[in-house]
Amino acid sequence: MAFVEWLVHETSLHSLFTHGTRDIYIILLSRFLRMYAYGGAALVLGIYLYTAGNSGIQIGTFMSLTLLGDAVISYLLTMMADKIGRRRVLRIGSLLMTLAGTVFAFSNNYWVLLFAAVLGVISPGAHEVGPFRAVEESTLAQLTPIEARTDVYAWFAVTSTLGMSLGLCVSGWITYLLRTYVGWGWKDTATYQPIFGIYAIVGLIKFCLTFLLSERCEADYDRQTEIDVQEEQATTPLMSEHRRTSYTGKAHKVTARVRQIGSTVQTKLSPESRTILIKLCFLFAINSFASGMLPVTLMSWYANWRYRWFLTSRLGYTMALVWLVASVANLFSASVARRLGLVRAMVFTHLPNAIFLAFIPLAPTWWLMAILLLASSAFGSMDQAPRSAFVAAVFLPSERTAVMGTLNLVRTLAAAGGPLVTGYFHEHKMWGVVFVISASLKIAYDAGLLVMFLHTKLPESQRRGGNTTVADVDVGILLSESLAPPEAFESFGDEDDDGRGSLGTSSKASYDHIEEV
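Residues numbered from 1 in each chain as written. Predicted model: local features only at pLDDT ≥ 70, side-chain atom pairs only at ≥ 80, totals over all residues. Heavy atoms only, no water.

**What to know about the overall build of the protein chain**
Turning to step 1, where the next piece is worked out: Secondary structure assignment for the protein chain yields 23 helices and zero strands.
Turning to step 2, where the next piece is worked out: Counting every position in the protein chain, which comprises 517 residues, the buried fraction comes to 58%.
Turning to step 3, where the next piece is worked out: Counting only carbon and sulfur atoms, one obtains 65% of the accessible surface of the protein chain, whose full area is about 21000 Å². (Helix = DSSP H or I, 4+ residues; strand = E, 2+ residues; numbered from the N terminus. Buried < 20%, exposed > 50% of the residue type's maximum accessible area, 1.4 Å probe, protein only. Areas by Shrake-Rupley, 256 points an atom, 1.4 Å probe, with all protein chains shown as cover.)

**Structural notes on the packing of helix H19 (residues 400–427) against helix H20 (residues 431–453)**
Turning to step 1, where the next piece is worked out: At their nearest, the axes of H19 and H20 sit 8 Å apart, and the two run at 150° to each other. One way to sum up the angle between H19 and H20 is to call them roughly antiparallel. Between H19 and H20, the contacting residues are Thr422, Phe425 and His426 on the first element and Trp431, Val433, Val434 and Ile437 on the second.
Turning to step 2, where the next piece is worked out: Here the contact of H19 with H20 is composed, by residue class, of five nonpolar, two polar and no charged. (Axes fitted to C-alpha atoms, helices over the stretch in contact; angles between N-to-C directions. Parallel < 35°, antiparallel > 145°, perpendicular 65-115°, else oblique. Contact = heavy atoms within 4.5 Å. Nonpolar A, V, L, I, M, F, W, Y, C, P; charged D, E, K, R; others polar.)

**Structural notes on the pattern of salt bridges**
Turning to step 1, where the next piece is worked out: Applying the stated criterion across every chain yields a total of four salt bridges.
Turning to step 2, where the next piece is worked out: With its nearest N and O atoms 3.0 Å apart, the salt bridge here joins Arg133 to Glu137. With a gap of four residues between them, Arg133 and Glu137 both fall in helix H7 (residues 132–143), about one helical turn apart. For the pair Arg133 and Glu137, one class covers both residues: buried.
Turning to step 3, where the next piece is worked out: The salt bridge involving Arg387 is made with Asp383; its shortest N-O contact spans 2.7 Å. We note that Arg387, like Asp383, is buried. (Salt bridge = Lys/Arg side-chain N within 4 Å of Asp/Glu carboxyl O.)

**Considerations on the packing of aromatic side chains**
Turning to step 1, where the next piece is worked out: A complete count under the given rule lists 10 aromatic pairs for this structure.
Turning to step 2, where the next piece is worked out: Ring geometry for Tyr48 versus Phe196: centroids 5.2 Å apart, planes at 50°, classification tilted. Taken together, the residues Tyr48 in helix H3 (residues 22–51) and Phe196 in helix H9 (residues 193–209) connect sequence positions 148 residues apart.
Turning to step 3, where the next piece is worked out: Judged by its relative accessible area of 0%, Phe196 falls in the buried class.
Turning to step 4, where the next piece is worked out: Pairing Tyr110 with Trp111 gives two aromatic rings, centres 5.1 Å apart and planes at 90°, and the pair type is edge-to-face.
Turning to step 5, where the next piece is worked out: Taking relative accessible area as the criterion, Tyr110 reaches 12% and is therefore assigned buried.
Turning to step 6, where the next piece is worked out: Take Trp111: its relative accessible area is 61%, and that puts it in the exposed class.
Turning to step 7, where the next piece is worked out: Cluster of aromatic residues (ring-pair linked, three or more members): Tyr48, Phe62, Phe104, Tyr110, Trp111 and Phe196.
Turning to step 8, where the next piece is worked out: For the cation-ring pair, Arg91 lies above Phe211, with the distance from its terminal atom to the ring centre recorded as 4.1 Å.
Turning to step 9, where the next piece is worked out: A cation over an aromatic ring shows up here: Lys206 above the ring of Phe132, its NZ or CZ 4.2 Å from the ring centre. (Phe/Tyr/Trp six-rings, centres within 6.5 Å; stacked < 30°, edge-to-face > 60°. Lys NZ or Arg CZ within 6 Å of the ring centre and 35° of its normal.)

**A closer look at the nonpolar core**
Turning to step 1, where the next piece is worked out: Within the largest apolar cluster, 119 residues are counted, with the highest numbers of intra-cluster contacts made by Phe62, Phe104, Phe196 and Phe390.
Turning to step 2, where the next piece is worked out: Per-element accounting of this core gives the leading share, 16 residues, to H3.
Turning to step 3, where the next piece is worked out: What Phe62 contacts, discounting residues up to four positions off in sequence, is Leu49, Phe104, Tyr110, Leu113, Leu114 and Ala117. (Core = buried A, V, L, I, M, F, W, Y, C linked by side-chain atoms within 4.5 Å.)

**Some words on the side chain of Thr406**
Turning to step 1, where the next piece is worked out: Its place among the elements puts Thr406 in helix H19.
Turning to step 2, where the next piece is worked out: Among residues more than four places away in sequence, those in contact with Thr406 are Tyr75, Met79, Leu277 and Cys281.

**Here's the deal with the environment of Asn287**
Turning to step 1, where the next piece is worked out: Here Asn287 shows up in helix H12 (residues 271–293).
Turning to step 2, where the next piece is worked out: Along the backbone, Asn287 and Arg411 are 124 residues apart, and their C-alpha atoms lie at a distance of 8.1 Å.

**Things to note about the confidence of the model for the protein chain**
Turning to step 1, where the next piece is worked out: Of all residues in the protein chain, 76% attain a pLDDT of 70 or more, and the chain-wide mean is 75.
Turning to step 2, where the next piece is worked out: Across the protein chain, element-level confidence peaks in H9 with a mean pLDDT of 94 and bottoms out in helix H23 (residues 507–511) with 37.
Turning to step 3, where the next piece is worked out: Counting interchain partners and residues more than four positions distant, the pLDDT-below-50 stretch residues 242–266 has 37 contacts.
Turning to step 4, where the next piece is worked out: Confidence over residues 468–517 falls short of pLDDT 50; this stretch has 125 contacts with residues more than four positions distant or in other chains. (pLDDT = per-residue confidence, 0-100.)

**Regarding a nonpolar patch on the surface**
Turning to step 1, where the next piece is worked out: Taken together, the side chains of Val72, Leu76, Met80, Ile84 and Ile92 present a nonpolar region at the surface, about 390 Å² in accessible area.
Turning to step 2, where the next piece is worked out: In terms of residue count, the dominant contributor to the nonpolar patch is helix H4 (residues 56–84) (four residues).
Turning to step 3, where the next piece is worked out: Summarising the element assignment, Ile84 is placed in helix H4. (Patch = residues over 30% accessible without salt bridge, like charges linked within 9 Å, V, L, I, M, F, W, Y side chains within 5 Å.)

**Brief notes about H9**
Turning to step 1, where the next piece is worked out: Compared with an ideal rise of 1.5 Å per residue, which puts 17 residues at 24 Å, H9 spans 25 Å between its outermost C-alpha atoms and is within 8% of the ideal.
Turning to step 2, where the next piece is worked out: Of the residues making up H9, those classed as buried are Gln193, Ile195, Phe196, Tyr199, Ala200, Val202, Gly203, Lys206 and Leu209.
Turning to step 3, where the next piece is worked out: For H9, the elements touching its buried residues are H3, helix H5 (86–106), H7 and helix H8 (149–182). (Expected span 1.5 Å × (residues − 1).)

**A closer look at the environment of Leu43**
Turning to step 1, where the next piece is worked out: With respect to the element layout, Leu43 can be found in helix H3.
Turning to step 2, where the next piece is worked out: Along the primary structure Leu43 and Trp301 are separated by 258 residues, whereas in three dimensions their C-alpha atoms are 8.4 Å apart.

**Some points on the packing of helix H16 (residues 342–359) against helix H17 (residues 366–380)**
Turning to step 1, where the next piece is worked out: One way to put it is that H16 packs onto H17 with a least axis distance of 7 Å and a crossing angle of 160°. Taken together, the axes of H16 and H17 lie roughly antiparallel to each other. At the point where H16 passes H17, the crossing takes the left-handed sense. Together, Thr349, His350, Pro352, Asn353, Phe356, Leu357 and Phe359 of H16 and Leu372, Ala375, Ser376, Phe379 and Gly380 of H17 make up the contact between the two elements.
Turning to step 2, where the next piece is worked out: Of the residues belonging to the contact of H16 with H17, the class tally is seven nonpolar, five polar and no charged. (Left-handed = near helix turned anticlockwise from the far one by under 90°.)

**Considering the environment of Met452**
Turning to step 1, where the next piece is worked out: With respect to the helices, strands and loops of the structure, Met452 is situated in helix H20.
Turning to step 2, where the next piece is worked out: Once the C-alpha coordinates of Met452 and Ile276 are considered, the two residues, 176 residues apart in sequence, prove to be 9.0 Å apart.
Turning to step 3, where the next piece is worked out: Ignoring sequence-local partners within four residues, the contact set of Met452 consists of Lys279, Phe282 and Leu283.

**Quick look at the side chain of Ser273**
Turning to step 1, where the next piece is worked out: With respect to the secondary-structure elements, Ser273 resides in helix H12.
Turning to step 2, where the next piece is worked out: Classification of Ser273 as buried rests on a relative accessible area of 5%.
Turning to step 3, where the next piece is worked out: If we ignore the near neighbours within four places in the chain, the residues touching Ser273 are Val394, Phe395 and Glu399.

As structure tokens, then:
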């Protein structure tokens, strides 16, 4: 029994059960389905383009242009998310995902596929594309109490790797069935097109799921006002008729004021936030370029090329096991962050990933290479939860959606250059150089995190006068109040004199999480 309690605590299940809501569970399910589709498509995308008669340079260019197109569309949608509605942006992204999958399922023409990939949403490397991640992470930060945020982000990462693992496994199994029982060979493009059909169907399912999300997911929704109104309504039977009418009227007045502020607020970064964002963009660009050189798509292409077109089904099973190991590792990422702090957890879980990656081209056998992949992936994804919590901790709530959208744009743009470099070295039969460059850049990223952010002060230290840094504490055990300093708020100037004693004096305490940045 003690072991079960320890396991529930260390894997963050207690926080998920305690603070989970329907919206949070829908977001986690949506990400699981999305990454399932991304994983399945990533396994066969590079092979599919190769069997369609395209060279290594063409494949690298295809993936780079796909990422560039996705970066532009996703950034525009993310920047508009808080204005036109987060749920609406998620629906648009889901439809673009369905569009791309449908075209890939029925065509193998290079230019038609490129057009669909650039304008639609398709993952060239089993990593996040589209506007989904920034919007979902910002929404989770809004829905989750700060003391549980790292734990929820850990499960957000786990659903990603579990979905990818299942997608890789099912994709490999489907290609095996088509080759064994239908007679389609690995050089037949029809072997891989059903995978993209499933991709399109998942997009439709995601589109339907967005209609189950409540208005609590929107940026202009104020959770504290809802709680206050509910408490006031619960006490109104104990009040006189006059006080009940007056109190309820003020509550609705405050609610209307909050929604007005939420709908008109303009995202404007403070000088401190702008400096942090520039540093993060630089470091994330380095890491994303390194990851873009060896995404799952190109890794499967490399394995097939090196081992004389190893069966795609076996490769799918192996990669599925790789991501399953990553899922188990992610379960303990929040626990590691609680003990080491966010920055140290990001660095010390990511650094072994780069080391194992550098040794992959030296593996003499398939099985040794698979072991190195397993070791690399076990550490490589453990930094996702602390990284998300770090971004949520060092920026104000009103800045998060815009900041996360900007960081996603930078990551996608940087990753777009990776496939071009890999395609070039493939043509010259120099795959080993690709792994060395990628590993070296990842190590440089880890060193940069330690140098730039180890002693970064959290916004809440401005309010408490302390020296709290992200290296000292995990965001999950910070104050249960907002991180915004009090000067970021303006009191409501429309309460009457009689209400100042009851409502006016508590306005900052009750509504200090409403930012006028």
